[in-house]
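Observations on the model geometry
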Protein chains: 2
Amino acid sequence: MNETIKTILDHRSIRSFQEKELAEDQIKLIVESAQAASTSSFVQAYTIIGVKDPIKKAELAKLAGNQAYVAKNGHFLVFCLDLHRIQLAAAMEGVEEVAMLASLRSTELYTVGVVDASLAAQNASIAAESMGLGICYIGGLRNELDQVSALLKTPEYVVPLFGLCIGYVDYRTDKKLRLPIPAIYHEEEYLSDQNMKMELEKYNKDIAAYYKQRTGGKREDRWTQMMAKQLLNAKRLYLKSYLARKKLTLE
Amino acid sequence: MNETIKTILDHRSIRSFQEKELAEDQIKLIVESAQAASTSSFVQAYTIIGVKDPIKKAELAKLAGNQAYVAKNGHFLVFCLDLHRIQLAAAMEGVEEVAMLASLRSTELYTVGVVDASLAAQNASIAAESMGLGICYIGGLRNELDQVSALLKTPEYVVPLFGLCIGYVDYRTDKKLRLPIPAIYHEEEYLSDQNMKMELEKYNKDIAAYYKQRTGGKREDRWTQMMAKQLLNAKRLYLKSYLARKKLTLE
């Protein structure tokens, strides 16, 4: 197994960082790594906003649901879906906005932007981890997107999708047990419900044992139970209207 | 610069592979690498379908817009957004589908699934490239999703998002020049339009020179021109209705 795969397999989310800032050349290498990812039809439909200002970081930490590590880390990146840049590019060629609306508002281009931003973010993560740093994705950034957008001055057609904390590791958590391979990797066609259920039963046992061991017997959650709770508690239902305010009506 | 970052920065999309299949242990390592990526709230909202059957691969190559390398490679993966598995998990806990609809139909959960699938895919890509293999993402898989879904027997709440060709490199293309860093990486807040335009003018010159050199003077495209063309030609507008057929109405 090579060093890169070792790095990838050794991933865990870090939620406790030392108070030590990343150097500029580290940040540059991480951003260049992000940019090296594939991008659909060369659109590069994402922007990364790096935040160092402690006041802004504290504000983002609060908006993301009081996650202290959003403020305390080596560097904080916000990955945004960005269709504004290509709209500006087309405007530079004399194209009027009305002529691009079908594209800009499409579910397709929204999907492309989310994919592009995510591929770039994962490259940034692996690059950081290969340098011995820890990372944590912050989906909580989508809790209050109107306020996050105002803080980062993102224009129409831009959506902050998630944050990425990077930094020197203070406390290293355990790796989390993933789904059994047959549940996530199917051959030739999608797995039958019957076989999927068998895999999930197996996973439930492993996850319960994992939590039991990790919490000294206090928790014994099943994965299916965790998923049921999440699905019953619909989150961020305002996202559709937020996107519409950014002109992304997902037609 | 470490080996992992070298691998990341050396990425290019490979569109010509040798006729040599990946070994099972290579595939397993690539899938495990995919699984090691972060996932929002542990939902693991994606499934990977590996396709070896030459007839199926030829069919997918045709559906993706006659891209020969979808059929001819070392292995072909289809990354799907998957909310079916968590729906099944919740059903195993006695939750009725109607009680989960607000979650399942939400733009939020669609976004989570696209992010999860993409993070996993990029891990798979980097793992494969670290093994000396080449990769190419196939967004063209979204051209004919009804037919792709039928071929892969994906149920409701599952969306094949893109393919990933992996294989032994036959012909190695050039690396494509990315946007200047200041266009994609902004500090503290989103870049002003004035500064963005300056960066895009600079990029246009570099891209034109790149194509001129690569095509022996035949092409001299500007990036802004390429983006204008793309935005004027709205693609895959049926995606919204396809998602609705899969019960993903993006509320």
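Here is a short report on the structure shown in this document. What you are looking at is a predicted structure, and each value in this text was computed from that prediction instead of being measured.

So, about the state of the cysteines. Residues and elements named next belong to chain A. Tallied over the entire structure, the rule returns zero disulfides over all chains. Free cysteine cysteine 80: the closest other cysteine sulfur is in cysteine 165, separated by 15 Å. Unpaired in this structure, cysteine 165 has its nearest cysteine sulfur neighbour in cysteine 136, at a distance of 5.4 Å.

Let us now look at the environment of leucine 152 of chain B. Residue placement: leucine 152 of chain B occurs in helix H7 (residues 145–152). Aside from chain neighbours lying at most four places away, what touches leucine 152 of chain B is Glu188, Glu189 and Tyr190 of chain A together with Ile49, Val51, Lys56 and Val78 of chain B.

Here the focus is the interface of chain A and chain B. Counting from both sides, the interface comprises 123 residues of chain A and, opposite them, 122 residues of chain B. Both faces considered, chain A and chain B share a buried interface measuring about 10300 Å² in area, 63% of it formed by carbon and sulfur atoms. At the boundary of chain A and chain B, one finds eight salt bridges. A salt bridge links glutamate 108 of chain A to arginine 142 of chain B, with the shortest nitrogen-to-oxygen separation between them at 2.9 Å. Applying the counting criterion to the chain A and chain B interface returns 65 residue pairs in polar contact (both at pLDDT 80 or more). No other element matches helix H6 (residues 107–130) of chain A, which puts 15 residues into the side of chain A that touches chain B. Among the residues making up the side of chain A that touches chain B, the classes are represented as 66 nonpolar, 31 polar and 26 charged.

Reading across from one edge, E5(A)-E1(B)-E2(B)-E4(B)-E3(B) is the order of the five strands in this open sheet, with mixed pairing throughout. The open sheet has two edge strands with one neighbour each: strand E5 (185–187) of chain A together with strand E3 (134–138) of chain B. Averaged over all pairs of adjacent strands, the angle between their axes in this sheet comes to 25 degrees, without regard to strand direction. As paired elements, E5 of chain A and strand E1 (residues 46–51) of chain B share three bridges and run parallel to each other. In the strand pairing of E1 of chain B, tyrosine 185 of chain A is matched with isoleucine 48 of chain B.

Moving on to the relation of the copies chain A and chain B. Note on the identical chains: chain A maps onto chain B by a rotation of 180 degrees and an axial translation of 0.0 Å, with an RMSD of 0.0 Å. Taken together, the turn and the small shift mark the pair as related by a two-fold rotation axis. The rotation axis passes nearest to the C-alpha of threonine 4 of chain A in chain A, at a distance of 2.5 Å. Take the interface residues of chain A: 99% of them recur as interface residues in chain B, which is what a same-surface contact looks like.

Residues and elements named next belong to chain B. Remark: helix H4 (residues 84–92) packs on helix H5 (residues 97–104), axes separated minimally by 11 Å, with the N-to-C direction vectors making an angle of 145 degrees. Where H4 crosses over H5, the handedness of that crossing is right-handed. Contacts from Gln87, Ala90 and Ala91 in H4 reach Glu97, Met100 and Leu104 in H5. Each residue belonging to the contact of H4 with H5 can be placed in one class, and the counts come to four nonpolar, one polar and one charged.

All names here are of chain B. Burial analysis of strand E4 (residues 158–167) places ten of its ten residues in the buried class, the great majority of the element. Alignment of strand E2 (residues 75–82) against E4, held across eight bridges, turns out to be antiparallel. For leucine 77, the partnering residue across the bridge sits in E4 and is leucine 164. Inspection of the sheet shows E3 paired to E4 by five bridges, in the antiparallel sense. Its bridge partner lying in E4, isoleucine 138 is registered against glycine 163.

Despite not being glycine, glutamate 188 of chain A has its phi angle at roughly 70 degrees, a positive value. Looking at the secondary structure, you find glutamate 188 of chain A in the loop between E5 and helix H9 (193–214). The phi angle at phenylalanine 42 of chain B is positive, at roughly 70 degrees, despite the residue not being glycine. Mapped onto the elements of the fold, phenylalanine 42 of chain B is located in the loop between helix H2 (24–35) and E1.

Pairing is mixed in the open sheet, where five strands are placed in the order E3(A)-E4(A)-E2(A)-E1(A)-E5(B). Edge positions in the sheet fall to strand E3 (134–138) of chain A together with strand E5 (185–187) of chain B, since each of these pairs with one other strand and no more. Taking each pair of neighbouring strands and ignoring which way they run, the sheet shows an average axis angle of 25 degrees. Helix H7 (residues 145–152) of chain A rests against strand E1 (46–51), strand E2 (75–82) and strand E4 (158–167) of chain A of the sheet, and its axis sits at about 75 degrees to E4 of chain A.

Take the pattern of salt bridges next. In total, this model carries 30 salt bridges over all chains according to the counting rule given. Measuring nitrogen to oxygen at the nearest pair gives 3.7 Å for the salt bridge that ties arginine 85 of chain A to aspartate 82 of chain A. The partner of arginine 245 of chain B in a salt bridge is aspartate 146 of chain B, with the nearest N and O atoms 2.7 Å apart. Residue arginine 245 of chain B is located in helix H11 (residues 239–245), and its partner aspartate 146 of chain B is located in helix H7; the two are separated by 99 residues in the primary sequence.

What counts and what doesn't
- Within each chain, residues carry numbers counting from 1 in the order of the written sequence.
- Here chains are named by letter from A upward and ligands by number from 1 upward, in the order in which they appear as written.
- Where local features are concerned, this predicted model is filtered to residues with pLDDT of at least 70; where side-chain atom pairs are given and counted, the filter is 80 or more; whole-chain, interface and lining totals use all residues.
- Water and hydrogen atoms were dropped before computing side-chain values, which therefore reflect all heavy atoms in the structure.
- Throughout, disulfides are identified as pairs of cysteine sulfur atoms within 2.5 Å of each other.
- Numbering of helices and strands starts at the N terminus; helices are DSSP runs of H or I of at least 4 residues and strands are runs of E of at least 2.
- Here, two residues are considered to be in contact whenever any of their heavy atoms come within 4.5 Å of each other.
- By definition, the buried area sums, over both parts, the 1.4 Å-probe accessible area that each loses when the two are put together.
- A side-chain nitrogen of Lys or Arg and a carboxyl oxygen of Asp or Glu constitute a salt bridge if their distance falls within 4 Å.
- Counted as a polar contact is a pair of N or O atoms within 3.5 Å, where, for protein atoms, one must be capable of donating a hydrogen and the other of accepting one, and residues adjacent in sequence contribute only when both atoms are in side chains.
- Residue polarity is assigned by list, with Asp, Glu, Lys and Arg as charged and Ala, Val, Leu, Ile, Met, Phe, Trp, Tyr, Cys and Pro as nonpolar; anything else, Gly included, falls into the polar class.
- Here, strands pair whenever DSSP counts at least two bridges between them.
- Inter-axis angles, ranging from 0 to 180 degrees, are taken between N-to-C directions of lines fitted to C-alpha atoms, where helices are fitted over the stretch in contact.
- Copies overlap after least-squares fitting; the atoms used are the C-alpha atoms of residues with pLDDT of at least 70 in both.
- Crossing handedness is defined as follows: a turn of the near helix away from the far one that is anticlockwise and smaller than a right angle gives a left-handed crossing, while the clockwise case is right-handed.
- Three exposure classes are used, based on accessible area relative to the maximum for each residue type with a 1.4 Å probe and protein chains only: buried under 20%, partly exposed in between, and exposed over 50%.

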